[in-house]
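Now for the letters of each chain:
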Amino acid sequence: MKINTLLISGAMALCVLAGPAAQAKDWKTVTITLEGAYAPWNLTNADGTLGGFEPELAKTLCDQMKIECKLVASDWDGMIPALNAGKFDIIMDALSITDERKQVIDFTIPYAATPAAFAVAKDSPLAKAPGTGATIKMTPGQTGVKEIDALKAAFKGKTIGIQAATVYAKFVYDNFGDIATIREYKTGADRDLDLQNGRIDLGFDDAVYFATAFEAANGALTFSGPQIAGPIWGVGEGLGVRKADTDLRDMFSKAIKSALDDGTVKTLSMKWFKTDVSPQ
């Protein structure tokens, strides 16, 4: 999922200044932040509690380690600087593990790996864009991909909505910024509303996120073009931790491995995504 240069620069500065991560802690209580607005990864229930795939997985991991975990909601675009400032201990928000992000924070092993896709209104002519229904794999910086070139021809002059400061935003700017208008949104839900109401032509985001968004839109939205998978999104989604907190990283990596090995991640995947998002 879901980093721009300004975000990286700010986070680098905070890495240096952050005092809370400077010494080892006795990790009996851990604060985990999620957006609470990226269903089915994470969502806010009617009673204000956090639910979804990640909160349930977090409970499993924390129970296994016999530690208390406190879940708090925060804005996506400020999570990395806030983590390094000591506002919380872990980011768990479909955070793609990328080399760029590794410059400023550390990651556990991945607990999920998912493709990305374009979405359009179901009655849009773009619903039959080249490659719809297929999946392609891409690597970082790859160019000359015939399927992407075909989409560029189909999407020329259109408006594409993306959630700001995500790996998906970078992909759209890099590949479609010269032929389409790019509109940034604070949340995926805001973008989806504009897509459903015809204020933009396409959206681009995590494919399993969109599958749930389509249900919420009562079938008014659908995929356009191929789903895009592979190393372009890093090795998958993992927990973000401060670079100094290697002990915390290793604790959670061990717990994630156990949850992958015993099928817990697959079970929760099928419950929330209707597909297995376990990293391969």
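Residues numbered from 1 in each chain as written. Predicted model: local features only at pLDDT ≥ 70, side-chain atom pairs only at ≥ 80, totals over all residues. Heavy atoms only, no water.

Considerations on the side chain of Thr108
Relative to the helices and strands, Thr108 is located in the loop between β7 (106-107) and β8 (116-121). Here the side chain of Thr108 touches Leu239 through a polar contact of 3.0 Å, landing on its backbone nitrogen. (Helix = DSSP H or I, 4+ residues; strand = E, 2+ residues; numbered from the N terminus. Polar contact = N/O pair within 3.5 Å; in protein donor to acceptor, adjacent residues only side chain to side chain.)

A closer look at unusual backbone geometry
Note that the residue after Ala39, namely Pro40, is joined by a cis bond; omega there is 5°. Looking at the element boundaries, Pro40 is found in the loop between β2 (37-38) and β3 (42-44). Positive phi, normally seen in glycine, also occurs at Ala94, with a value near 50°. A relative accessible area of 0% means that Ala94 is categorised as buried. Although it is not a glycine, Ala165 adopts a positive phi angle of roughly 65°. (Buried < 20%, exposed > 50% of the residue type's maximum accessible area, 1.4 Å probe, protein only.)

Regarding the packing of helix α2 (residues 53-65) against helix α9 (residues 264-273)
Running from amino to carboxyl end, α2 crosses α9 at an angle of 155°, the nearest separation of the two axes being 10 Å. Between α2 and α9, the crossing angle belongs to the class labelled roughly antiparallel. Helix-helix and strand crossings are classified by hand; for α2 and α9 the assignment is right-handed. Contacts between α2 and α9 pair Phe53, Glu56, Leu57 and Thr60 from the former with Thr264, Val265, Leu268, Ser269, Lys271, Trp272 and Phe273 from the latter. Its residues assigned to classes, the contact of α2 with α9 shows 6 nonpolar, 3 polar and 2 charged. (Axes fitted to C-alpha atoms, helices over the stretch in contact; angles between N-to-C directions. Parallel < 35°, antiparallel > 145°, perpendicular 65-115°, else oblique. Left-handed = near helix turned anticlockwise from the far one by under 90°. Contact = heavy atoms within 4.5 Å. Nonpolar A, V, L, I, M, F, W, Y, C, P; charged D, E, K, R; others polar.)

A look at the sheet that holds strand β10 (residues 159-163)
Taken in spatial order, the 6 strands of this open sheet run β9-β13-β8-β12-β10-β11, and their pairing is mixed. For this open sheet the edge positions go to β9 (135-137) and β11 (181-185), each flanked by a neighbour on one side alone. Neighbour to neighbour, the strand axes of the sheet diverge by 30° on average, direction disregarded. Sitting on the sheet, helix α4 (residues 146-155) is in contact with β8, β9, β12 (202-206) and β13 (221-229), with an inclination near 150° to β13. Helix α7 (residues 207-216) rests against β8, β12 and β13 of the sheet, and its axis sits at about 120° to β12. (Pairing = 2+ DSSP bridges.)

Things to note about the confidence of the model for the protein chain
Confidence along the protein chain averages 92 in pLDDT terms, with 91% of residues attaining 70 or more. Of the regions scoring below 50 in pLDDT, residues 2-22 engages in 42 contacts with residues more than four places distant in sequence or in other chains. (pLDDT = per-residue confidence, 0-100.)

As for the environment of Ile80
Structurally, the position occupied by Ile80 is in helix α3 (residues 79-84). Spatially, the C-alpha atoms of Ile80 and Ile90 are 9.5 Å apart, while their sequence positions differ by 10 residues.

Points about the sheet that holds β3
The strand order across the open sheet built from 3 strands is β2-β3-β4, with neighbouring strands paired in antiparallel fashion. Every other strand in the sheet has two partners, leaving β2 and β4 (50-51) as the edge strands with one partner each. In the sheet, β3 pairs with β4 via 2 bridges, with the strands oriented antiparallel. The partner of Leu43 across the bridge, within β4, is Gly51.

Overview of the packing of α2 against helix α8 (residues 246-261)
Orientation of α2 relative to α8, taken along the N-to-C sense of each, is 110°, at an axis distance of 10 Å. Put simply, α2 runs roughly perpendicular to α8. For the crossing formed where α2 meets α8, the hand is right-handed. Residue-level inspection shows Leu57, Leu61, Cys62, Gln64 and Met65 of α2 in contact with α8, the latter providing Met251, Phe252, Lys254, Ala255, Ile256, Ser258 and Ala259.

Section: the pattern of salt bridges
One pass over the structure, following the stated rule, counts 16 salt bridges. Note that Asp26 is salt-bridged to Lys28, the shortest N-O span being 3.6 Å. Neither Asp26 nor Lys28 differs from the other in exposure class; each is exposed. The salt bridge partner of Asp261 is Lys257, with a shortest N-O separation of 2.8 Å. With a gap of 4 residues between them, Asp261 and Lys257 both fall in helix α8, about one helical turn apart. What makes Asp261 exposed here is its relative accessible area of 58%. By sharing partners, the salt bridges in this structure join Lys25, Asp89, Arg242 and Asp245 into a single network. (Salt bridge = Lys/Arg side-chain N within 4 Å of Asp/Glu carboxyl O.)

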